[in-house]
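Tertiary structure, described
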Amino acid sequence: MGHKTHPIGFRIGYNKTWSSRWFTRKGYAPLLKEDIMIRKYLRERLRRAAVAKIEIERMDQKVTISIYTARPGIVIGRKGQEVDRLRDELKHLTQKEISINIEEIRIPELEPLLVAESVARQLVQRIAFRRAMKKAITATMRVGARGVKISCAGRLSGTEIARTEWYRDGRLPLQTIRADMDYALAVAKTTYGTIGVKVWIYKGDLMRIKGKEA
């Protein structure tokens, strides 16, 4: 019987890295809890900014947060007012020095979280799930993806019994470590209940793994 593993966790240390980069010998739990709080606060605060990824680095009492977004103008604001306000709010929450880096995502169709959130948003608006999935797959393949798979699970179309439906296009080498595979999960809260949306995107093979030729 096959066992499933997280596509990103499977590749950490080879062609993926940790989203939180810090080390401590004691007080690990409070720092981990603080990371979760920061991510939860930022995703709620910037829910309209199309945030795909949040990376956190720590050094003593300084926290560096990198926000990858498809709409950097919303995060930065006019003359940087929004990012300054965001920095002050995080400093008040954590009682630490905060540094924020804004990274622009030029091709949002290749970010699985943004694709999953787009499909979830359409499900909430009662758009047919098959139409939403096929449209997202077409858009992702058009911008250069080598393969994509989208899965929706729950009471699709308001049916009594929950089920899972998925569509795939291209290749998805999940067991190949050198494959640049990305994955994300989003949740659509509909009137019939929650529907989980999973997205896998294959962007091609990386020729170097840990400094060695693949």
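For the structure, check the block above.
Quantities reported herein were computed from a predicted structural model and do not represent experimental measurements. (Residues numbered from 1 in each chain as written. Predicted model: local features only at pLDDT ≥ 70, side-chain atom pairs only at ≥ 80, totals over all residues. Heavy atoms only, no water.)

**Here's the deal with the pattern of salt bridges**
The condition that has to hold: Just to be clear on terms, a salt bridge is a Lys or Arg side-chain nitrogen sitting within 4 Å of an Asp or Glu carboxyl oxygen. Comment: elements are numbered from the N terminus, with helices defined as DSSP H or I runs of at least four residues and strands as E runs of at least two. Per-residue accessibility, obtained with a 1.4 Å probe over protein chains only, is compared with the maximum for each type, and a residue is labelled buried under 20%, exposed over 50%, and partly exposed between these values.
Inspection of the entire model under this criterion finds 17 salt bridges. Note that Lys 96 and Glu 34 form a salt bridge whose closest N and O atoms lie 3.1 Å from each other. Of this pair, Lys 96 sits in the loop between helix 3 (81-94) and strand 4 (97-104) while Glu 34 sits in helix 1 (residues 28-45), and the two are 62 residues apart along the sequence. This pair shows no difference in class: Lys 96 is buried, exactly as Glu 34 is. Of the charged contacts, one joins Asp 205 and Arg 178 as a salt bridge, the two residues approaching to 3.6 Å between their closest N and O atoms. In this pair, Asp 205 sits in strand 8 (residues 193-205) while Arg 178 sits in the loop between strand 6 (163-170) and strand 7 (179-190), placing the two residues 27 residues apart along the sequence. Taking the relative accessible area as the measure of exposure, Arg 178 reaches 36% and is therefore partly exposed.

**Focus: helix 4 (residues 112-124)**
Here is the rule: Helix span is expected to be 1.5 Å times the residue number reduced by one. By the convention used here, residues are in contact when the closest approach between their heavy atoms is within 4.5 Å.
Over its 13 residues, helix 4 runs 18 Å from end to end, which matches the ideal 18 Å to within 8%, given 1.5 Å per residue. Of the residues making up helix 4, those classed as buried are Pro 112, Leu 113, Leu 114, Val 115, Ala 116, Val 119, Ala 120, Gln 122 and Leu 123. Against the buried residues of helix 4 lie helix 1, strand 2 (51-59), helix 5 (129-142), strand 5 (147-154), strand 7 and strand 8. Of the residues trailing helix 4, Arg 126 is marked for its positive phi of about 65°.

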